[in-house]
There are 2 protein chains.
Amino acid sequence: MSLNSAFYENADPLLLAVDCIIFGYTPEGLKLLLFKRRVEPFAGAWSLIGSFVQRDESVEEATSRILEEATGLSHIFQEELGVFSSVNRDPGGRVISIAYYALVRIQEEDADLLALHQASWFPVDQRPPLILDHEAMVVAGLDKLRRKARYQPLGFELLPEKFTIPQLRSFYEAILQREVDQGNFRKKILAMGILEKLAEKDRASSKKGAHYYRFDRDQYDRQVQEGFDFTI
Amino acid sequence: MSLNSAFYENADPLLLAVDCIIFGYTPEGLKLLLFKRRVEPFAGAWSLIGSFVQRDESVEEATSRILEEATGLSHIFQEELGVFSSVNRDPGGRVISIAYYALVRIQEEDADLLALHQASWFPVDQRPPLILDHEAMVVAGLDKLRRKARYQPLGFELLPEKFTIPQLRSFYEAILQREVDQGNFRKKILAMGILEKLAEKDRASSKKGAHYYRFDRDQYDRQVQEGFDFTI
DNA sequence: CCAAAAGTGTTTGCGATACACCCATGT
DNA sequence: ACATGGGTGTATCGCAAACACTTTTGG
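Here is what the cut-offs are and how they apply
Residues numbered from 1 in each chain as written. Chains lettered and ligands numbered in written order. Predicted model: local features only at pLDDT ≥ 70, side-chain atom pairs only at ≥ 80, totals over all residues. Heavy atoms only, no water. Helix = DSSP H or I, 4+ residues; strand = E, 2+ residues; numbered from the N terminus. Contact = heavy atoms within 4.5 Å. Domains from an automatic or database assignment. Buried area = accessible area lost by both parts, 1.4 Å probe. Salt bridge = Lys/Arg side-chain N within 4 Å of Asp/Glu carboxyl O. Polar contact = N/O pair within 3.5 Å; in protein donor to acceptor, adjacent residues only side chain to side chain. Nonpolar A, V, L, I, M, F, W, Y, C, P; charged D, E, K, R; others polar. Buried < 20%, exposed > 50% of the residue type's maximum accessible area, 1.4 Å probe, protein only. Least-squares fit on C-alpha atoms with pLDDT ≥ 70 in both. Expected span 1.5 Å × (residues − 1). Arc of directions from axis to C-beta. 1 Å grid on protein atoms, 1.4 Å probe; cavity = no way out; pocket = protein on both sides within 12 Å on 5 of 7 lines; lining within 4 Å. Points joined across faces, edges and corners; volume = space filled by probe spheres on them. Near = heavy atom within 4 Å. Pairing = 2+ DSSP bridges. Axes fitted to C-alpha atoms, helices over the stretch in contact; angles between N-to-C directions. Parallel < 35°, antiparallel > 145°, perpendicular 65-115°, else oblique.

With respect to the overall build of chain A
A tally of helices and strands in chain A yields eight helices and ten strands. Along the first, second and third principal axes, the C-alpha set of chain A runs to 70 × 45 × 30 Å. Contacts in chain A between residues at least 24 apart in sequence constitute 66% of all its contacts with a sequence separation of at least 6.

Overview of the domain arrangement of chain A
All names here are of chain A. Domain boundaries assigned for chain A yield domain 1 (8-148) and domain 2 (155-225). Look at where the C-alpha atoms of domain 1 and domain 2 centre, and you get two points 29 Å apart. Facing the eleven residues of domain 1 at the interface are twelve residues of domain 2. On the domain 1 side of the contact with domain 2, Tyr-25, Arg-105 and Arg-146 bury the most area, a combined 63% of that side's loss. Scanning the region where domain 1 abuts domain 2 turns up one salt bridge. The interface formed by domain 1 and domain 2 contains four residue pairs in polar contact (both at pLDDT 80 or more). Every element with two or more residues in the side of domain 1 that touches domain 2 is listed here: strand S1 (15-26) and helix H4 (134-148). The leading source of residues in the side of domain 1 that touches domain 2 is S1, at three residues. Across the side of domain 1 that touches domain 2, the residue classes break down as seven nonpolar, two polar and two charged.

Concerning the pattern of salt bridges
Within the structure shown, the criterion is met by 24 salt bridges over all chains. Of the charged contacts, one joins B:Arg169 and B:Glu173 as a salt bridge, the two residues approaching to 3.5 Å between their closest N and O atoms. Within this pair, B:Arg169 and its partner B:Glu173 are both found in helix H6 (residues 165-176), separated by four residues, close to a single helical turn. On the basis of relative accessible area, B:Arg169 is assigned to the buried category, the value being 18%. Given a relative accessible area of 21%, B:Glu173 falls into the partly exposed group. Across the pair B:Glu196 and B:Arg214 runs a salt bridge whose closest N-O atoms are separated by 3.4 Å. Residue B:Glu196 is found in strand S9 (residues 195-202), and its partner B:Arg214 is found in strand S10 (residues 210-215); the two are separated by 18 residues along the sequence. The network of salt bridges with common partners includes A:Glu57, A:Arg65 and A:Glu69.

A short note on the interface of chain A and chain B
On the side of chain B, 39 residues touch chain A, which itself brings 39 residues to the contact. For the pair chain A and chain B, the summed buried surface comes to about 3500 Å²; carbon and sulfur atoms form 63% of the total. Considering only the side of chain A, the residues that lose the most area to chain B are A:Tyr8, A:Leu14 and A:Arg55, jointly responsible for 20% of the buried surface there. Taken together, chain A and chain B are joined by zero salt bridges. Summed over the shared surface of chain A and chain B, the result is 17 residue pairs in polar contact (both at pLDDT 80 or more).

Considerations on the relation of the copies chain A and chain B
Expressed as a screw operation, the relation of chain A to chain B combines 0.0 Å of axial shift with a rotation of 180°, fitting to an RMSD of 0.0 Å. Taken together, the turn and the small shift mark the pair as related by a two-fold rotation axis.

Some thoughts on helix H2 (residues 59-71) of chain A
All names here are of chain A. Over its 13 residues, H2 extends 18 Å from the first C-alpha to the last, a length consistent with the 18 Å expected when each residue adds 1.5 Å. Along H2, the residues classified as buried are Val-59, Ala-62, Thr-63, Ile-66, Leu-67, Ala-70 and Thr-71. What you see down the axis of H2 is that its buried residues fit within an arc of 140°, all on one side. In the segment just after H2, Gly-72 is the residue with positive phi, at about 80°.

Focus on empty space enclosed by the protein
If you walk through the whole model with that rule in mind, you get two cavities of 30 Å³ or more. Put simply, the parts of the chain that give the lining of the largest cavity at least two residues each are H6 and helix H7 (182-191) of chain B. A class-by-class count of the residues in the lining of the largest cavity yields three nonpolar, one polar and two charged. In this structure, the second largest cavity occupies an estimated 30 Å³ of space. Lining the second largest cavity, in full, are A:Ile165, A:Pro166, A:Arg169, A:Gln182, A:Phe185 and A:Arg186. Partitioning the lining of the second largest cavity into residue classes produces three nonpolar, one polar and two charged.

Considering the protein's contact with DNA strand D
Around DNA strand D sit 19 residues in total, of which A:Arg186, A:Lys187, A:Lys208, B:Asn184 and B:Lys207 are the nearest. If you look at DNA strand D and keep only atoms within 4 Å of the protein, 57% of those are sugar or phosphate atoms. Backbone polar atom of A:Gly209 to a sugar or linking oxygen of DNA strand D: 3.4 Å apart, as the coordinates give it. Elements that contribute at least two residues to the surface near DNA strand D include exactly helix H7 (182-191) and strand S10 (210-215) of chain A together with H7 of chain B.

Some points on the sheet that holds S10(B)
All names here are of chain B. Here we have three strands laid out as an open sheet, ordered S8-S10-S9, and antiparallel in their pairing. Every interior strand has two partners, whereas the edge strands, strand S8 (162-164) and S9, have only one. Pairs of neighbouring strands in the sheet enclose a mean axial angle of 40°, with direction left out of account. Alignment of S9 against S10, held across five bridges, turns out to be antiparallel. For Leu-195, the partnering residue across the bridge sits in S10 and is Phe-215.

What to know about the protein's contact with DNA strand C
Not every one of the 18 residues close to DNA strand C is listed here, only the nearest: A:Asn184, A:Lys207, B:Arg186, B:Lys187 and B:Lys208. Of what DNA strand C places within 4 Å of the protein, 63% of the atoms are sugar or phosphate. Among the elements that make up the surface near DNA strand C, the one with the highest residue count is H7(B) (four residues).

Points about the packing of helix H6 (residues 165-176) of chain A against H7(A)
All names here are of chain A. In the contact formed by H6 and H7, the axes pass within 10 Å of each other and the chain directions differ by 105°. For the element pair H6 / H7, the angle class is roughly perpendicular. Counting all contacts with H6, which are made through Ile-165, Leu-168, Arg-169 and Tyr-172, the residues of H7 involved are Gln-182, Phe-185, Arg-186, Ile-189 and Leu-190. Split into classes, the residues belonging to the contact of H6 with H7 amount to six nonpolar, one polar and two charged.

Okay, structure coming up:
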């Protein structure tokens, strides 16, 4: 170890956890993936999914591990939200938690896994009471998602691979919580040059049918390189 | 303890630290407060100031404690920057660090304390090599400060209580790293209605003299309440 | 009276908003 | 043929950017 390990040995060891706010989206609105807690205290209550950070992994790796265990998906969008560290936040022990939010396409996760974990998608504004300070985490996550979606292309993590302009507009109406003008939205988003138009049309919601588009991440990255601003 | 304490007892305890990126500002530009490290490994090298989080304090409290110990000031602006948790980031032990950035008025801190801690202010673009991953923390802090100062009134934490419009403009030129038009800047910032004009003038930098102003936080908070956007 | 910085006024152009209008098609 | 949602075009307003101009005062 080090030449002066007393410095390290005199420090208080703590438990460090990660809790994940997993967001999804359907045409009905934003959703939140919640889990029935299995351990005391508060066994049986609704909770975010979480885990302790292990000695041999970084916090990001712990988050990826948790997300993959819970949904069966890897490479999920994840970003740190904040540290929750009140001394008495967890009656079970002195645990400091790093909250992450994650974005998943609701169709893609493994239904059996969700059942196994006793997990359910809730509309964000109809969420049940949550354990510990998880409600505060969700509020912070919602706030961050709503702010950030305005100037970063987070929506494309939540929508299906293929989507129509009206669907994308509905998503932003849900996020921004206000109406968005059809024509202006279409012109603006297409002018960015980051959507690839597909031949296929969606005929489910109108007789004329709406063209499907796909997010072109390479093009987006190139635009950003040139100082382009995504803001909706 | 809990009914199922095995859940907690089987977890790996870790050391949690806080490291502070302390920014200051002088007319010459942005400054960074660095410290000579006293303990091995890397004793004698330049470092951010930090400390382990103790069992009986939150991470925010630990940060305030560190900042007060280092500068003699309380109620310093502080905000979390990110978690640094690579498994091998610290050869001294398995330490996960939460980086905070803090903003102080350079005149106000206690000079004796700085000497006691072997601390010095460095121009941000002339900083020495730093221990561990502190260089990455500084880069992240600079990035966050530069982004955030554009749409949050962080500048007023760094400038003296009283400042002139030209001084404020110089600050934003340093932050944004580009020239800012005099006339337009003055009109915009005054139109926000968050500056209080003082009778006194600064005659140091011109014969005509420039009026001093003071940031009116109450007015700012009221404006924000009404959906006002600060963006420079 | 002139240089130098503070401070004011004027013009211009682009982008956001509002909204009118045209298109395609299943019933 | 018409209702319905997709898609296009156009007028307007506000505001940021550029920049010319006026003010003040010490040397």
